[in-house]
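Secondary and tertiary structure notes
Each chain, letter by letter, is given below.
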Amino acid sequence: MTGLRDDGAAALEWAAAYLERVRELPVLATVEPGQLRASLPAVPPDEPEPFAAVLADLESTLLPALTHWQSPRFFAYIATTASEPGILAELLAASLNQVGILWRTSPALQELEELTLDWLRQLLGLPEGFAGHLEDTASTATLTALAVARHVAPGRRAVVCSEHAHSSVDKACRILELELRKVPVDASFRMRPELVDLDGACAVVAVAGTTSSGSVDPLHDLADLCAAHDVWLHVDAAYAGAAAVCPELRGLLAGWERADSLVVNPHKWLATPMDCSAHWTRRPEDYVRTFSLVPEYLRTTDAATSLSEVSIPLGRRFRALKLWAVLRCFGRAGLQERIREHMRLARLFADWVEAEPGWTLCAPVTFSLVCFRREGSDAANELLLDRVNASGEAFLSHTQLDGSYVLRLAIGNFRTTEDDVRRAWDVLRREARDHPA
Ligand code: PLP
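Numbers given to residues run from 1 along each chain, matching the order in which its sequence is written. Given that this is a predicted model, residues contribute local features only at a pLDDT of at least 70 and side-chain atom pairs are listed and counted only at 80 or more, while totals for whole chains, interfaces and linings are drawn from all residues. Side-chain measures here rest on the full set of heavy atoms in the structure, leaving out hydrogens and waters.

As a further point, take the overall build of the protein. The way it works is that DSSP assigns letters per residue, a run of H or I at least four long becomes a helix, a run of E at least two long becomes a strand, and they are numbered from the N terminus. Looking only at helices and strands, the protein has 13 helices and eleven strands in total. We compute the radius of gyration over the C-alpha atoms and compare it with the globule rule, which gives 2.2 Å times the number of residues raised to the power 0.38. Computed over C-alpha atoms, the radius of gyration of the protein comes to 23 Å, within 12% of the 22 Å expected from 2.2 N^0.38 for 437 residues, which places it in the range of a compact globule. Per-residue burial for the protein yields a buried fraction of 51% across its 437 residues. Counting only contacts in the protein whose residues sit at least 6 apart along the sequence, the fraction spanning at least 24 positions is 72%. A total of about 19700 Å² of accessible surface is found on the protein, and carbon and sulfur atoms cover 54% of it. By the counting scheme adopted, Arg and Lys are positive, Glu and Asp are negative, and His together with the chain ends is not counted. Where a charge lies is defined by one atom per residue type, namely NZ (Lys), CZ (Arg), CG (Asp) and CD (Glu). Taking the average place of the 43 positive charges on the side chains of the protein and the average place of its 59 negative ones, the gap between the two points comes to 2 Å. Under the scheme applied here, a residue whose accessible area is under 20% of the maximum for its type counts as buried, over 50% as exposed, and between as partly exposed, the area being computed with a 1.4 Å probe on protein chains only. By definition, residues are in contact when any of their heavy atoms lie within 4.5 Å. For every accessible area listed, the method is Shrake-Rupley and the probe measures 1.4 Å; residues are considered covered only by the protein chains on display.

What follows covers the packing of aromatic side chains. What counts as a ring pair is set by centres within 6.5 Å for rings of Phe, Tyr and Trp (its six-membered ring), and what kind of pair is set by the plane angle: stacked under 30 degrees, edge-to-face over 60, tilted for all other angles. Applying the stated criterion across every chain yields a total of 15 aromatic pairs. Judged by centre distance (6.3 Å) and plane angle (65°), the ring pair of Phe349 and Trp352 falls under edge-to-face. One end of the pair, Phe349, and the other, Trp352, are both in helix α11 (residues 320-355), three residues apart, so they sit about a helical turn from each other. Residue class for Trp352 comes out buried when judged on its relative accessible area of 13%. Through pairs of rings, three or more aromatic residues link up here, namely Phe349, Trp352, Trp359, Phe372 and Trp425. Whether a charge lies above a ring is judged from NZ of Lys or CZ of Arg, which has to be within 6 Å of the ring centre and within 35 degrees of the ring normal. Positioned over the ring face of Trp324 is Arg328, at 4.6 Å from the centre of the ring. One residue, Arg422, lies across the ring of Trp352, its end atom 4.3 Å from the ring centre.

A few words on empty space enclosed by the protein. Using protein atoms alone on a 1 Å grid, points that fit a 1.4 Å probe yet trap it form a cavity, whereas open point sets bounded by protein on both sides within 12 Å along at least five of seven lines form a pocket; residues with an atom within 4 Å of a point count as lining. Grid points are joined across faces, edges and corners, and a volume is the space filled by probe spheres set on the points. Throughout the structure, instances matching the rule amount to one cavity of 30 Å³ or more. Space inside the largest cavity adds up to approximately 30 Å³. Following the grouping adopted for this structure description, the nonpolar residues are Ala, Val, Leu, Ile, Met, Phe, Trp, Tyr, Cys and Pro, the charged ones are Asp, Glu, Lys and Arg, and the polar ones are all others, Gly among them. Within the lining of the largest cavity, the residues separate by chemical class into five nonpolar, four polar and one charged.

Here the focus is the domain arrangement of the protein. Examined at the domain level, the protein breaks down into domain 1 (4-68) and domain 2 (87-327). Each domain's extent is set by a domain assignment, obtained either automatically or from a database. For domain 1 and domain 2, the distance between their C-alpha centres works out to 34 Å.

Ranked by size, the top nonpolar core spans 65 residues in total, and within it Leu124, Val235, Trp256, Trp269, Trp280 and Phe367 carry the most contacts. Among the elements that line this core, the one with the most residues is α11, at ten residues. Every residue in contact with Leu124, bar those within four places of it in the chain, is listed here: Gly241, Ala242, Ala244, Val245, Arg250, Trp256, Val264 and Trp280. Counting residues in hydrophobic clusters, the runner-up holds 27 residues, among them Val353, Ala394, Leu407 and Leu409. The criterion is simple. A nonpolar core is a set of buried Ala, Val, Leu, Ile, Met, Phe, Trp, Tyr and Cys residues joined through side-chain atoms within 4.5 Å.

Next up, the structure:
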């Protein structure tokens, strides 16, 4: 090993050059299952290799097997960005290798995490009184919140969510052995509160920005129901919560401030590299009651509640460093500018779809996600999506709405420009024209 300075300079150069050329790389990986593995040695090296060999393999062998989430024409699922401050902070966090099992094992890790979550709370216009910490993913945050809801309501074993809630709710209920009641949605894909049955329920999971269409459940109605029945309200704003950075968009999320617990993923629409999920609660003492378990070897006299006492893992990494760096280096204004631009681009794309004969918009465009389809069968739309993705020029994904196969264009990468969105639209129309259903 030549050491951090020399190898680090080469790695940084590779990373910078990668980000400069990522727009022109095929967005979706171009390999078959098993192909990458077969092209690498099946056994580990006996002798040390130079780090340069790792970089060389990254370029020659791994690159075709990468799906480029950093591409500005990645429009699938929920598009994300690892921004430069976030990337650099990840390097520093790994260099520091803090292990936050207790406050004393890294006061900086714990206090920066608490402070940064409070900054983000303020940026999103949430009221005081929410205590926050970071999880790896929204799936873990929802599992954690439902574990608390179950703990504080012994004997109540049902959870209520809409049929459009994320599958992480199903998974959490499976793990926690809770019954999941799925409530039908209205014509705009929002949970119908008049159909909610809270008998024996410990929690409602409301979604503010569903994965399929970006719809928002009726948060005030659900908060009223939860208050009347003393049921925990968890709000999953993993994707769309970021929109609240813009005051004019906060009305779309009105009522989320009444949640007992709330999750927003900075690793989705807030330029923070995977993984970084912000989890707040208005009932931190219930988290301590559920999760605090301090074995003798971890007992201290420090006047601090460690983050391991409010969450599932004992050890945590220095995730807050990258979020802190992102919030500082973009500032409120920088984040607002990008989110407003994504909202504009989504609306523009939706206008193109609406104006084009043979194409239909399939859901209201609430945030930066557009659901649409081409006239013809589900199979024809699926084939069209496959062709677009095989072109390498853009990567989109699909969902089911009202029983139909629907294409989704999700805007969320901070490097995406109007030209990128137009190119995706051109590719869609070209493939539809060249291969009529
Ligand atoms: N909730 C919503 C609304 C989502 O869109 C997603 C992922 O797209 C999740 C939860 C799961 O997120 P994570 O991968 O952080 O667990």
